[in-house]
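# Inside the fold
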Amino acid sequence: MSYLKFEHALMSNLQESLTKELLRTNRSGAYSCSTIVDCNTRKYHGLLVVPVPDLDNENHVLLSSFDCSVIQHGAIFNLGLHKYQGDNFSPNGHKYIREFNCDKVPTTIYRVGGVILQREVVFQHYEDRILIRYTLLDAHSATTLRFHPFLAFRSVRQFTHENNTANRDYQEIDNGIKTCMYSGYPELYMQFSRKPTFHFDPYWYRGIEYPKEQERGYASNEDLYVPGYFELPIKKGESIVFSASTSEIKSRRLSALFKKEVEERAPRDNFFHCLINAAHQFHIREKNDDRYILSGYPWFKCRARDTFIALPGLTLSIGEPEYFEYVMKTSERALRQFMKDEPITGKMVEVQQPDVPLWAIWAIQQYSKHIGLEKCKEKYGDLVKELVMFIEENHHPNLHHDDNGLLHTEGKEKAVTWMNSTANGHPVVPRTGYIVEFNALWYNAIEFSAALADAVHDKAAVDHLHAMAAKTKESFLKTFVNQYGYLFDYVDGNYTEWDVRPNMLFPCAFDYSPLDASQKKTILDICTRELLTPKGLRSLTPKSGGYNPIYVGPQSQRDYAYHQGTAWPWLLGFYIEANLKLFKRSRLSFLQRQLVGFEDEMTQHCIGTISELYDGNPPFKGRGAISFAANVGEILRASELLEQYKIQLTKPKEEHA
């Protein structure tokens, strides 16, 4: 039985099927995204969504959708589906869907009377080209397919409306046409594997509505331009391949290209394979061979902090250290440019955030555990040393190394941590001063740097770093440990933040921690009681007066809920790591059950991946971005940690010794 399969009953129920989204990417920044019934519900949805660097740094929807109609005996059956204003759906093509599965490529089977039509979709790797193969599985009469392309040519953050400036011209090309609605955009090439007949019949479809934008408090409707339609006869057993791209292709190549792309796809036949596929979707390879991790779809950029948190899980945990090295090579350039106060080139953003160098060192530390300390020292020893010195010598503009060994950060006016929501120009959670995870990361970074120095027998460096770490440890314990057994979230002068938040987890999980075992146990027990959910850890305890766990409504309302009780799956990776280190086998089955809660996510929200965040209260509904790199990465890393621990338990006792 297919792992990602949906039957007719669910597909025909729009209340269920419209909540399930589907994402495909080309690993170069372009993507294709819609619902499993091909009804766009977000302004970010589209069949071909590509970056247009000549215009801006946003993605742009060129081809919004591509409606197919089956024609027999003069009767037309449109398989498309659009939502219009007033809760009207047309033309209700979802009623013809018999089955949808996504085990290898998204495949939809339609039945119209005696006609059974199969539709398969792939996005060509590293090319801005979406390919759709239509196969007539069964038919008892002459059958023709008609296709209407719905064009947008607009940014994912905007809408298009009927206007007189849109260019209606088109040119015939090899088995298709090319057209461009506005100056500055690339041409859209629409081609078939067989020659179609194109009928120029320009028309604006008005009032198409996107309910997800309504939920988010934004404008929600637009008009889409259809230049005409293509027609092709098709015989039983025959396949037709359609290509939409920003470049022309020889049409005779399309069938072979589609087969090749399908063969390269790994199956999504279980939870782990779904996450591996999701991990690959965050890959970005530029033409100059720079490599990045995109923070999430559909609206995130390549953010530095997210990159370093997600990178070990997205690469090392699935046996792909080469991609770790590719990304780190690109990231190292950005980090060095920042340290030299030079303009940062490339796609990585927010490199200036104060915890970014600390997370970079943590990511390199994970690499050392997979590849070995010696090789890690060769590749990244100099970088770690320079990052530690950069912080120690107070060269970072917003990370001050105080005499007590702790790092001080200014975060009152601008959000500087991963809890970065802002309202009315100010951080919703103004974490400032001594921030708990910054200083836990700093202690871990110092000790890891000492381990690298020790590997090359640099005794002077080792002694200096151990002395630094000892001072940091002493101050950390005095500053953050309170009489109730948990850690203050941040301390700024005489102000201490008493709210229970998950950031105190990090020193329990890191390889080098200023905490002893009893302190870690108390912290983990509090996190388990107050923060743990089936979808990750809450960003704030329900006991707090500021608890706001439901991430819904307009932007301002969502900003106030973003880190005030919502659950974040990526934190679960550190929770599991901390528990394994402290409790070992006694909590193994409990921790394994924590991951089970994510298996149902493979068929919810955006299928085969994990959403950005979840409501902090039942039923813990997925919200925000449809796919988030840190979540996928940390669930993969947690899975690896659990698997490694199970293997250790099965080894003979003498091997443990």
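Up top is the structure these notes are about.
These notes cover the structure that comes with them. Bear in mind the structure is a predicted one, so any value in this text is a computation, not a measurement.

## Section: the side chain of Asp 525
Tracing the chain through its elements places Asp 525 in helix H13 (residues 517–530). In terms of polar contacts, Asp 525 uses its side chain to reach the side chain of Arg 587, at 3.2 Å. Among all residues touching Asp 525, those that are not within four sequence positions of it are Phe 583 and Arg 587.

## Thoughts on the sheet that holds strand E29 (residues 433–435)
In a beta sheet, neighbouring strands pair by backbone hydrogen bonds and run either parallel or antiparallel. Across the sheet, five strands lie side by side as E25-E26-E29-E30-E31; this open sheet has antiparallel pairing. Looking at strand neighbours, the two that pair on one side only are strand E25 (400–401) and strand E31 (495–496), the edges of this open sheet. Of the strand pairs in this sheet, E25 and strand E26 (residues 407–409) are connected by two bridges, and their pairing is antiparallel. Considered in E26, the bridge of His 401 is made with Leu 407.

## Some points on the packing of helix H15 (residues 570–583) against helix H16 (residues 588–596)
At their nearest, the axes of H15 and H16 sit 10 Å apart, and the two run at 170° to each other. Overall, the two elements H15 and H16 adopt an arrangement that is roughly antiparallel. In this structure, H15 contributes Leu 572, Tyr 575, Ile 576, Asn 579 and Leu 580 to the contact, and H16 contributes Leu 588, Phe 590, Leu 591, Gln 594 and Leu 595. When grouped by side-chain class, the residues that make up the contact of H15 with H16 number eight nonpolar, two polar and no charged.

## So, the packing of aromatic side chains
If you walk through the whole model with that rule in mind, you get 47 aromatic pairs. A ring pair is formed by Phe 66 and Phe 192, whose centres lie 6.3 Å apart and whose planes are at 40°; its orientation type is tilted. Of this pair, Phe 66 sits in strand E5 (residues 59–72) while Phe 192 sits in strand E16 (residues 188–192), and the two are 126 residues apart along the sequence. No difference in accessibility class separates Phe 66 from Phe 192, as the two residues are buried. Geometrically, the ring pair formed by Phe 338 and Phe 390 is edge-to-face, given 5.9 Å between the ring centres and 70° between the ring planes. Highlighted residues: Phe 338 in helix H7 (residues 321–339) and Phe 390 in helix H9 (residues 373–392), separated in sequence by 52 residues. Accessibility expressed as a relative area gives 6% for Phe 390, which makes it buried. Seen from the ring of Phe 574, Arg 637 lies directly overhead, with NZ or CZ sitting 5.1 Å from the centre.

## Observations concerning the sheet that holds strand E9 (residues 97–101)
Taken in spatial order, the nine strands of this open sheet run E1-E9-E10-E11-E12-E19-E16-E15-E14, and their pairing is antiparallel. The two strands at the open ends of the sheet, each matched to only one other strand, are strand E1 (5–7) and strand E14 (170–173). Ignoring which end each strand starts from, the neighbouring axes of this sheet average 15° apart. In terms of strand pairing, strand E10 (residues 107–112) meets strand E11 (residues 115–123) through six bridges, oriented antiparallel. By the bridge assignment for E11, Tyr 110 is matched with Leu 117. Across the sheet, helix H4 (residues 254–264) is in contact with E11, strand E12 (129–138), E16 and strand E19 (239–245); its angle to E12 comes to roughly 100°.

## Remarks on unusual backbone geometry
Omega for the bond connecting Ser 90 with Pro 91 falls within 30 degrees of zero, at 5°, which places this linkage in the cis form. Considering the arrangement of structural elements, one finds Pro 91 in the loop between strand E8 (88–90) and E9. With an omega of 5°, the peptide bond running from Tyr 297 to Pro 298 counts as cis. When you line up the elements, Pro 298 lands in the loop between strand E22 (296–297) and strand E23 (302–303). The backbone phi angle of Glu 350 is positive, close to 60°, even though this residue is not glycine. Unusually for a residue other than glycine, Phe 620 sits at a positive phi of about 55°. Inspection of the secondary structure puts Phe 620 in the loop between strand E35 (613–614) and strand E36 (622–623). Given a relative accessible area of 14%, Phe 620 falls into the buried group.

The rules behind the values
- Residues numbered from 1 in each chain as written.
- Predicted model: local features only at pLDDT ≥ 70, side-chain atom pairs only at ≥ 80, totals over all residues.
- Heavy atoms only, no water.
- Helix = DSSP H or I, 4+ residues; strand = E, 2+ residues; numbered from the N terminus.
- Polar contact = N/O pair within 3.5 Å; in protein donor to acceptor, adjacent residues only side chain to side chain.
- Contact = heavy atoms within 4.5 Å.
- Pairing = 2+ DSSP bridges.
- Axes fitted to C-alpha atoms, helices over the stretch in contact; angles between N-to-C directions.
- Parallel < 35°, antiparallel > 145°, perpendicular 65-115°, else oblique.
- Nonpolar A, V, L, I, M, F, W, Y, C, P; charged D, E, K, R; others polar.
- Phe/Tyr/Trp six-rings, centres within 6.5 Å; stacked < 30°, edge-to-face > 60°.
- Buried < 20%, exposed > 50% of the residue type's maximum accessible area, 1.4 Å probe, protein only.
- Lys NZ or Arg CZ within 6 Å of the ring centre and 35° of its normal.

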